[in-house]
Amino acid sequence: MDMEAVDRGESVGLMEPMLIPEGARRRGEIIDRTLALAQKSTGLRRALPDSLLPSLATLVRAMNCYYSNLIEGHDTHPIEIERALRQDFSTDSRKRDLQREARAHIAVQEWIDAGGLRGDALTPEGICEIHQRFCRDLPDELLWAEDLEATARVSVVPGAWRGRDVRVGRHLAVSPGAVPRFLARFAQAYRKLGRADTILAAACAHHRLLWIHPFVDGNGRVARLMSHAILLETLDSGAIWSVARGLARNVDAYQRHLAACDSPRQNDLDGRGQLSESALADFVCFFLDLCIDQVDFMENLMQPDRLRGRVRRWAQEAIERGRLPPKAEVVLDALLYRGALPRGEVPGIVGTGDRQARRIVSALSEEGVVASESSRAPLVLAFPARLASDWMPGLFPSAH
């Protein structure tokens, strides 16, 4: 091990408490929040047809990517992300690099959403794989970070623990050689928890991973993807909402809470660990409240009558402009009611012959608002990012 990767022998107890323990002053209100989040998340998923979930999750991945990267100062709108997924890259080198970064982020979350990290989100191996998968596809220009003195650039190696000291704000992270020891304690603290404590761990582990700061760069994205994976698995959320939007819309408070959690224990009423229990409790409440707010936001957006009204207005305007044939809105209505629609039923629904029904389906497919796994598979509704401002206003800002 080189000199910069030395282990200074810090006690892993320096990052206690790892959770808000039984008997803690705010434990009750925090558990109430975890139960409310579980109930609301389950209610949202059950309210939607199963066939809508994959298309909605695809849009939410773009949204999550946009907001998570925005927190890092990288502004790549979901419409640009959608283009990047089609290999349609900007001619501007900086924008192209950010599009490639977004593709990398989406690929990691798609792997997570498909169950690739199941059971391993809180292990060193899982955390390392998130970083490796994200960084391996980044352009070279984004694989550099400043050193501790901000006097030189340091290469970011995908999936490699850092080999030098780092400082985040006023917090000097543990010595580089100590990272594996602290991550081992991290995994020990957060494994085999009950459901409520695992939801709680999505917030607590979020800060404690950033406190360890295991990588030269990319720790924020890894922490947010880790928390997403924990909530996805624990709540079986279907990946149809994301806390990243809430964190980005409250980024100053998010950063203040993280910095406060670095603070040492204040007094005898502030728990028994080395770090402030009250600051951690404040962050947990903040994090869980944002999760609940994002579930409520998505539930409001997906209210059947409201969503149907927005989609119908868009379709009618598209028909008036000649972009869609008449009765296209009837197909969209049917998809919103039923979730999936066999192609053979389209003529009967729109009251036309087969040829006109095929023309309607073709036009809707070209607009990107219906999709299917094959030419014979049932039709399902799609949620293209370019139509989000019409169909799902507020999901992310309009393109600029």
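Thresholds, definitions, all that
- Residues numbered from 1 in each chain as written.
- Predicted model: local features only at pLDDT ≥ 70, side-chain atom pairs only at ≥ 80, totals over all residues.
- Heavy atoms only, no water.
- 1 Å grid on protein atoms, 1.4 Å probe; cavity = no way out; pocket = protein on both sides within 12 Å on 5 of 7 lines; lining within 4 Å.
- Points joined across faces, edges and corners; volume = space filled by probe spheres on them.
- Nonpolar A, V, L, I, M, F, W, Y, C, P; charged D, E, K, R; others polar.
- Helix = DSSP H or I, 4+ residues; strand = E, 2+ residues; numbered from the N terminus.
- Core = buried A, V, L, I, M, F, W, Y, C linked by side-chain atoms within 4.5 Å.
- Buried < 20%, exposed > 50% of the residue type's maximum accessible area, 1.4 Å probe, protein only.
- Contact = heavy atoms within 4.5 Å.
- Expected span 1.5 Å × (residues − 1).
- Salt bridge = Lys/Arg side-chain N within 4 Å of Asp/Glu carboxyl O.
- Pairing = 2+ DSSP bridges.
- Phe/Tyr/Trp six-rings, centres within 6.5 Å; stacked < 30°, edge-to-face > 60°.
- Lys NZ or Arg CZ within 6 Å of the ring centre and 35° of its normal.
- Axes fitted to C-alpha atoms, helices over the stretch in contact; angles between N-to-C directions.
- Parallel < 35°, antiparallel > 145°, perpendicular 65-115°, else oblique.
- Left-handed = near helix turned anticlockwise from the far one by under 90°.

**Student:** Even after reading the chapter, I still don't get empty space enclosed by the protein, so can you show me in this structure?
**Tutor:** Vacant regions in the atomic arrangement are exposed by a probe of water-molecule size rolled over the atoms. Enumeration according to the criterion identifies two cavities of 30 Å³ or more in this entry. Approximately 70 Å³ is the volume attributed to the largest cavity. In terms of lining residues, the largest cavity is bounded by I112, G115, L117, R118, A121, A229, L232 and E233. For the lining of the largest cavity, the residue count by class is five nonpolar, one polar and two charged. The volume enclosed by the second largest cavity comes to roughly 60 Å³. If you trace the second largest cavity, you find it lined by H228, L231, L232, S237, A239, W241, S242 and V243. Of all the elements, helix 8 (residues 219-235) adds the most residues to the lining of the second largest cavity, at three residues. Residue composition of the lining of the second largest cavity, by class: five nonpolar, three polar and no charged.

**Student:** I would appreciate a short explanation of the nonpolar core in the present structure.
**Tutor:** Within soluble globular proteins, side chains that are nonpolar tend to cluster in buried spots. Counting residues in each nonpolar core, the largest one holds 133 residues, and the members touching the most others are L37, F186, Y190, W241, F287 and M298. The element that contributes the greatest number of residues to this core is helix 11 (residues 277-301), accounting for 16 residues. Leaving out residues up to four positions away in the same chain, W241 has contacts with L37, S41, L44, V60, H228, L231, L235, C291, Q294, V295 and M298.

**Student:** What is the right way to look at unusual backbone geometry in this model?
**Tutor:** Residues apart from glycine generally show negative phi values, whereas peptide bonds are mostly found in trans. The linkage connecting E16 with the following residue, P17, adopts the cis geometry, with an omega of 0°. Residue K192 is not a glycine yet carries a positive backbone phi of 55°. As for its position among the elements, K192 is in the loop between helix 6 (179-190) and helix 7 (195-212).

**Student:** Can you walk me through helix 11 in this structure?
**Tutor:** Three- or four-residue spacings in an α-helix give side chains the same orientation, since the helix completes a turn every 3.6 residues. An ideal rise of 1.5 Å per residue puts 36 Å on 25 residues; helix 11 measures up with 36 Å between its terminal C-alpha atoms. Most of helix 11 sits inside the fold, with 18 of its 25 residues counted as buried.

**Student:** For this particular structure, what's the right way to read the pattern of salt bridges?
**Tutor:** Oppositely charged side chains may form a pair once their charged atoms are brought near each other. Tallied over the entire structure, the rule returns 25 salt bridges. The shortest N-O distance in the salt bridge between R33 and E29 comes to 2.9 Å. A residue pair is termed a helical-turn pair when its members lie 3 or 4 positions apart in one helix, as R33 and E29 do in helix 1 (residues 27-47) at four residues. A salt bridge links D236 to R45; the nearest nitrogen and oxygen atoms lie 3.0 Å apart. Here R45 lies in helix 1 and D236 lies in the loop between helix 8 and helix 9 (243-249), a separation of 191 residues in the sequence. Exposure remark for R45: the relative accessible area of 26% places this residue in the partly exposed category. Each of the salt bridges in this network shares a partner with another, and the network as a whole consists of R26, E29, R33, D282 and D289.

**Student:** What should I look at first to understand the sheet that holds strand 5 (residues 340-341) in this one?
**Tutor:** Sheets are built from strands paired through backbone hydrogen bonds, the pairs being either parallel or antiparallel. Across the sheet, three strands lie side by side as 5-7-6; this open sheet has antiparallel pairing. Two strands bound the open sheet, and with one partner strand each, they are strand 5 and strand 6 (370-371). Looking at chain direction, strand 6 and strand 7 (residues 379-381) are connected through two bridges and run antiparallel. Within strand 7, the residue paired with A371 across the bridge is V380.

**Student:** How should the packing of aromatic side chains be read in this particular structure?
**Tutor:** The relative placement of two aromatic rings is captured by the distance of their centres and the angle of their planes. Counted under the stated rule, the structure contains eight aromatic pairs. Consider the rings of F182 and W211, whose centres lie 5.9 Å apart with planes at 45°: the pair is tilted. With a gap of 29 residues between them, F182 in helix 6 and W211 in helix 7 connect regions that are remote in the sequence. A single burial state applies to F182 and to W211, both of which are buried. Measuring from ring centre to ring centre gives 5.9 Å for F283 and F287, while their planes differ by 55°; the resulting arrangement is tilted. Placement of the pair is F283 and F287 together in helix 11, with a separation of four residues, close to one helical turn. Each member of the pair, F283 as well as F287, carries the same accessibility label: buried. An aromatic cluster of at least three residues, connected via ring pairs, comprises F283, F286 and F287. In this arrangement the basic side chain of R133 is found over the ring face of W111, its NZ or CZ atom lying 4.1 Å from the centre. Its guanidinium or amino end placed over the ring of Y337, R308 lies 3.7 Å from that ring's centre, counting from NZ or CZ.

**Student:** When you look at the packing of helix 12 (residues 304-320) against helix 13 (residues 328-338) in this model, what are you seeing that I'm missing?
**Tutor:** The geometry of a pair of packed helices is captured by two quantities: the angle between their axes and the separation between those axes. Running from N to C, helix 12 and helix 13 cross one another at 160°; their axes reach a closest spacing of 9 Å. In terms of orientation, helix 12 lies roughly antiparallel with respect to helix 13. When you trace helix 12 past helix 13, the crossing you get is right-handed. Side by side, helix 12 and helix 13 meet where L307, R308, V311, R312, W314, A315 and I319 of the first sit next to A328, E329, L332, D333, L336 and Y337 of the second. Residues of the contact of helix 12 with helix 13, tallied by class, amount to nine nonpolar, no polar and four charged.

**Student:** What's the story with the layout of surface pockets in this structure? I'm lost.
**Tutor:** The calculated volume of the largest pocket comes to roughly 930 Å³. Surrounding the largest pocket, 33 residues form its lining, R167, V168, G169, L210 and H213 being those nearest its centre. For the lining of the largest pocket, the secondary structure elements donating two or more residues are strand 1 (144-146), strand 3 (167-168), helix 7, helix 8 and helix 10 (251-261). Looking at the lining of the largest pocket residue by residue, the classes come out as 13 nonpolar, nine polar and 11 charged.

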